[in-house]
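Spelled out from the first residue to the last, the chains are:
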Amino acid sequence: MSTLNKPNPIDKLSLKNPIHFLALGFGSGLAPKAPGTFGTLAALPLFYLMMDLPLIGYLAITALVCGAGVYICDRASKDMGVHDHGAIVWDEIAGLLITFILLPSGWIWWLIGFALFRLFDIVKPWPIRWLDAKVHGGFGIMVDDIIAGFFALACVQALAYSGWIG
């Protein structure tokens, strides 16, 4: 069977299904190139709506996004028949929300946080790469991006407290 006749796993999903809609990052994961980056971009409006919440509210919603993501990503992955397909980007949304915890004010911090999260998500330094390879299911899809989010969060906070960026 040639690759032209090979069924596309994305065709097994529907944006009309709320689980698939969320897993695909509101449709951003359907981008033909760099779906992870587009999925991360899809987190920005959500962050904008959350950024003025008290810290406890922000953390609660972020925890809900992460916890629900285990089910959302697992279900979409099973429906596609592919573990951690690139179109599943809910994990990127969760990772960026973690990166942006206590984000300093200003668009430069949005750019720095975004870039750092994408860097850690793409490069996957230890233990991110190990977790990505060894942990499966919805938790496996989520955990590497959650850890990448915490790595990026640590870097953003270190930069903020260093005073290098004003």
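Residues numbered from 1 in each chain as written. Predicted model: local features only at pLDDT ≥ 70, side-chain atom pairs only at ≥ 80, totals over all residues. Heavy atoms only, no water.

1. Details of the pattern of salt bridges
Okay, so step 1: Evaluation of the coordinates by the stated rule reveals five salt bridges.
Okay, so step 2: Residue Lys78 is joined to Asp74 by a salt bridge in which the shortest nitrogen-to-oxygen separation is 3.1 Å. Residue Lys78 and its partner Asp74 are both found in helix α3 (residues 55–80); the two are separated by four residues, about one turn of the helix.
Okay, so step 3: We classify Lys78 as exposed; its relative accessible area is 53%.
Okay, so step 4: Owing to a relative accessible area of 19%, Asp74 belongs among the buried residues under this scheme.
Okay, so step 5: Its salt-bridge partner being Arg75, residue Asp79 comes within 3.1 Å of it at the nearest N-O pair. Note that Asp79 and Arg75 are positioned in helix α3 at a spacing of four residues, about one turn of the helix.
Okay, so step 6: A relative accessible area of 25% means that Asp79 is categorised as partly exposed. (Salt bridge = Lys/Arg side-chain N within 4 Å of Asp/Glu carboxyl O. Helix = DSSP H or I, 4+ residues; strand = E, 2+ residues; numbered from the N terminus. Buried < 20%, exposed > 50% of the residue type's maximum accessible area, 1.4 Å probe, protein only.)

2. Points about helix α4 (residues 90–99)
Okay, so step 1: The buried fraction of α4 amounts to 10 of the 10 residues, a majority that puts the element mostly inside the structure.
Okay, so step 2: Every buried residue of α4 is accounted for by Trp90, Asp91, Glu92, Ile93, Ala94, Gly95, Leu96, Leu97, Ile98 and Thr99.
Okay, so step 3: On its buried face, α4 sits against α1 (18–23), α2 (35–50), α3, α5 (107–123) and α7 (137–162). (Contact = heavy atoms within 4.5 Å.)

3. Regarding the packing of aromatic side chains
Okay, so step 1: Per the counting criterion, the structure on display carries seven aromatic pairs.
Okay, so step 2: Aromatic pair Phe120 and Phe151: ring centres 5.5 Å apart, planes at 85°, arrangement edge-to-face. Taken together, the positions of Phe120 in helix α5 and Phe151 in helix α7 put the pair 31 residues apart, joining distant regions of the chain.
Okay, so step 3: Chaining the aromatic ring pairs together yields one cluster made of Phe47, Tyr58, Phe100 and Trp110. (Phe/Tyr/Trp six-rings, centres within 6.5 Å; stacked < 30°, edge-to-face > 60°.)

4. Quick notes on the environment of Gly95
Okay, so step 1: Mapped onto the fold, Gly95 is located in helix α4.
Okay, so step 2: Assessed through its relative accessible area of 0%, Gly95 is described here as buried.
Okay, so step 3: For Gly95 and Asp121, which are 26 residues apart along the polypeptide, the C-alpha to C-alpha distance reads 8.7 Å.

5. A few points about unusual backbone geometry
Okay, so step 1: Residue Pro127 follows Trp126 across a cis peptide bond; omega there is 5°.
Okay, so step 2: Along the chain, Pro127 turns up in the loop between α5 and α6 (128–134).
Okay, so step 3: In the Ramachandran plot, Leu102 falls in the positive-phi region, its phi being about 55° despite a non-glycine side chain.
Okay, so step 4: Topologically, Leu102 is positioned in the loop between α4 and α5.
Okay, so step 5: Given a relative accessible area of 56%, Leu102 falls into the exposed group.
Okay, so step 6: The phi angle at Lys124 is positive, at roughly 55°, despite the residue not being glycine.

6. Things to note about the packing of α2 against α4
Okay, so step 1: Two elements in contact, α2 and α4, have axes separated by 8 Å at closest approach and are oriented at 50°. If you check the angle between α2 and α4, you find them oblique. α2 and α4 meet at a crossing whose hand is right-handed. Residue-level contacts link Gly36, Gly39, Thr40, Ala42, Ala43, Leu44, Leu46, Phe47 and Met50 of α2 to Glu92, Ile93, Leu96 and Leu97 of α4. (Axes fitted to C-alpha atoms, helices over the stretch in contact; angles between N-to-C directions. Parallel < 35°, antiparallel > 145°, perpendicular 65-115°, else oblique. Left-handed = near helix turned anticlockwise from the far one by under 90°.)

Treat this as a map of the structure, not an account of what it does.
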